[in-house]
Amino acid sequence: MSVTRVLTGITTSGTPHLGNYAGAIRPAVAASRRPGVESFYFLADYHSLIKVQDPERVQRSTLEIAASWLACGLDPEQVWFYRQSDIPEIPELTWLLTCVAGKGLLNRAHAYKAAVDKNTEAGEDPDAGVTAGLFMYPVLMAADILMFRAHSVPVGRDQIQHIEMARDFGARFNHLYGEHFVLPEAAIEENVATLPGLDGRKMSKSYDNTIPLFSPREQLRKLVFSIKTDSRQPGEPKQAEGSALFQLYQAFATPEQTADFARAFADGIGWGEAKQALFEQLDAELAPLREKYEALIARPGEIEQVLLAGADKARRIATPFIGELRRAVGLRDLREQHGGRKAGKARAALPVFKQYREADGRFHFKLVDAGGRELLLSPGFASPREAGQAVAALKAGAGTRAFRGDALWLDEAEVARLGEGIEAGDVIAALEAFAAEEEA
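Each chain has its residues counted from 1, following the order in which its sequence is written. pLDDT decides what is reported in this predicted model: residues at 70 or higher carry local features, side-chain atom pairs at 80 or more are listed and counted, and totals for whole chains, interfaces and linings draw on all residues regardless. Each side-chain value is worked out from all heavy atoms of the structure, with water and hydrogens disregarded.

## Some words on the overall build of the protein
Of regular secondary structure, the protein possesses 15 helices and 13 strands. Once the C-alpha set of the protein is aligned to its principal axes, its extents read approximately 85 × 50 × 45 Å. Here the protein holds 440 residues, and the buried ones make up 45% of them. Taking all contacts inside the protein whose residues are at least 6 apart in sequence as the whole, residues at least 24 apart take part in 70%. For the protein, the exposed surface amounts to about 21,900 Å²; the carbon and sulfur share of it is 51%. Neither His nor the chain ends is counted toward charge; the positive residues are Lys and Arg and the negative residues Asp and Glu. Every charge is mapped onto a representative atom, which is NZ of Lys, CZ of Arg, CG of Asp or CD of Glu. Distance between charge centres in the protein, computed from 51 positive and 60 negative side chains, equals 2 Å. Secondary structure elements follow DSSP: runs of H or I no shorter than four residues count as helices, runs of E no shorter than two count as strands, and numbering proceeds from the N terminus. Working definition: with a 1.4 Å probe on protein chains only, accessible area under 20% of the residue-type maximum means buried, over 50% means exposed, and in between means partly exposed. Throughout, a contact is declared for two residues whenever any of their heavy atoms are within 4.5 Å. In short, Shrake-Rupley with a 1.4 Å probe defines the accessible areas, and a residue's cover is counted only from the protein chains shown.

## A few points about helix α8 (residues 160-177)
Expected span of a helix: the number of residues minus one, times 1.5 Å. Helix length check: α8, at 18 residues, gives a terminal C-alpha distance of 26 Å against a target of 26 Å (1.5 Å per residue), a fit within 8%. For α8, the complete set of buried residues consists of Q161, H162, I163, M165, A166, R167, F169, G170, F173 and N174. One or two positions beyond α8, positive phi appears at G178, with a value near 100 degrees.

## Describing the pairing of strand β12 (residues 407-410)
In this analysis, strands are considered paired if DSSP registers two or more bridges between them. By the bridge criterion, three bridges tie strand β11 (residues 402-404) to β12 in an arrangement that is antiparallel. For F403, the partnering residue across the bridge sits in β12 and is L408. Connecting β11 to the antiparallel partner β12 that follows it, the hairpin turn spans two residues, and G405 within it adopts a positive phi of roughly 65 degrees. Sheet topology places β12 next to strand β13 (residues 413-418); four bridges connect them, and they run antiparallel. Bridge pairing in β13 places L410 opposite A413.

## Points about the nonpolar core
Within the largest apolar cluster, 54 residues are counted, with the highest numbers of intra-cluster contacts made by L18, W69, F81, I227 and F265. For this core, the secondary-structure elements that each account for two or more residues are α1 (18-31), β2 (37-44), α3 (55-71), α9 (217-224), α10 (244-251), α11 (255-266), α12 (271-297) and α13 (300-329). In terms of residues, this core owes the most to one element, α12, which gives 10 residues. For I227, the contacting residues outside a window of four places in its chain are L198, I211, A244, L245, L248, K275 and L278. As used in this record, nonpolar core signifies buried Ala, Val, Leu, Ile, Met, Phe, Trp, Tyr and Cys residues forming a set joined through side-chain atoms within 4.5 Å.

## With respect to the pairing of β2
Among the eight residues of β2, seven are classified as buried, and the element is accordingly described as predominantly covered. Sheet topology note: the strand β1 (residues 4-11)/β2 ladder contains eight bridges and is parallel. For T11, the partnering residue across the bridge sits in β2 and is A44. By convention, a crossover is right-handed whenever its connection, traced from the first strand over the helix to the second and viewed with the strands pointing away, goes clockwise. Where the polypeptide runs from β1 across α1 and back to β2, its parallel neighbour, the crossover connection is right-handed.

## Quick notes on the confidence of the model for the protein
pLDDT measures the predictor's confidence residue by residue and takes values from 0 up to 100. Per-chain confidence: the protein averages 89 in pLDDT, with 92% of residues scoring 70 or above. Ignoring residues within four places in sequence, the model shows residues 339-348, a span with pLDDT below 50, making 17 contacts including any to other chains.

## Focus: the packing of aromatic side chains
How two aromatic rings sit relative to each other is set out by the distance from centre to centre and by the angle between their planes. Stacked, tilted and edge-to-face pairs are distinguished by plane angle, under 30 degrees for stacked and over 60 for edge-to-face with tilted covering the rest, among Phe, Tyr and Trp rings (Trp via its six-membered ring) whose centres lie within 6.5 Å. Under the criterion given, the structure shown has 18 aromatic pairs. Their ring planes at 20 degrees and their centres at 4.5 Å tell us that F214 and Y293 sit as a pair that is stacked. In this pair, F214 is assigned in the loop between β5 (185-188) and α9 and Y293 in helix α12, connecting sequence segments 79 residues apart. Neither F214 nor Y293 differs from the other in exposure class; each is buried. Grouping aromatic residues by their ring pairs yields a cluster made of F40, F42, W80, Y82 and F148. The lysine or arginine in question, R26, covers the ring of F252, its NZ or CZ lying 5.1 Å from the ring centre. We call a charge positioned over a ring when the NZ of a Lys or the CZ of an Arg lies within 6 Å of the ring centre and within 35 degrees of the ring normal.

## Describing the side chain of S32
Along the chain, S32 turns up in the loop between α1 and β2. Classification of S32 as buried rests on a relative accessible area of 12%. Among all residues touching S32, those that are not within four sequence positions of it are S39, Y41, L74 and V79.

## Some words on the packing of α3 against α13
Geometry is summarised by axes, namely lines fitted to C-alpha atoms with helices restricted to the contacting stretch, and by angles between N-to-C directions that run from 0 to 180 degrees. Running from amino to carboxyl end, α3 crosses α13 at an angle of 80 degrees, the nearest separation of the two axes being 10 Å. On the basis of the axis angle, α3 is roughly perpendicular to α13. Only P300, I303, V306 and L307 of α13 make contact with α3, whose side of the interface consists of L63, A66, A67 and L70. When grouped by side-chain class, the residues that make up the contact of α3 with α13 number eight nonpolar, no polar and no charged. Any angle from 65 to 115 degrees is called roughly perpendicular, while one under 35 is roughly parallel, one over 145 is roughly antiparallel, and all others are oblique. Think of it as three bins: nonpolar holds Ala, Val, Leu, Ile, Met, Phe, Trp, Tyr, Cys and Pro, charged holds Asp, Glu, Lys and Arg, and polar takes everything else, Gly as well.

Set out below in structure tokens:
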């Protein structure tokens, strides 16, 4: 069974609220238990420094968010759960990617453009108040993703651009230095719950309308009873559609309970009674999680140990990979020559797989030898993951390869055709060079 790596980052800049739980934490924890998935969850504390300059808030948010995920059922034994700043390979990779990232592409990043547009409209210098951290945010995000060769990154539609930029930086690096990075795909969750806040707008820290996920019971009740409603009296029919109260109830209820609540709205339930029903529904789900959270938050040393263990687990991937990337760009032991062999044992340069995307949106790869000849040309694949899997299979060993005429087949599927004037023997020799490199 093929394994899919899924990576999710959580910025440590605030306290988790009900919207975070319903839209991210709860579905992500459920997804982490699916077979065939390797899940990576990290606390993006480097990212938080771009917009938060309060050290106490960053530290407190890190503690609260880590405790929240663990209380909600994330199993650090089954996933990779770590703090971004505990992985020194990530900032090193950020620099390697910075050296291939196009400034023109970074100029078009949404967050940077929004800041520039706001300054321009105000008649100020376009870059007033803009830090290099904000400008370079997409490169750090790309390093987070590419470091662990994630296939899939769940994001909202406003984050798709960042995944496309990570793909661009990874593809440029691969083109220059050989096939090292998996090019990730954005996973858009169309049905992710977006909950309304106390004032009916989207629940957000920026609107100051949130319900903290683990508010004490009485505070939760007080917040629920402060949710904005209209002036319709008990006995008057009420609209479920567009009601913040109803949407919040629906996110925590079964379909049957939701249907009953909708009928109660139509029958004229009083707002006080409806809010009490919502409070009881929320508390039923959150109370046992709140108990776990309060026990965890009282033992920050245990959470610290979980994060350090997660970092050690993540670095077992990151440390050898950054070593591979350092060698690829030429940051090598001076006793080595020609790609890693010691003096007197030089070898010919390896052929290179190059992945790219055509104008039709499909993903291709080609195998090019040291002299620039195109040995193999693939058909179009629907996703970069499929193209990457084919490349990995070709590198895995000659026993999996079969030629029929001028095409190469794997598992009864044609994956590439021979380049013009190329014979199967040329390709076999090139592919065997990869196996020899692995054994060296």
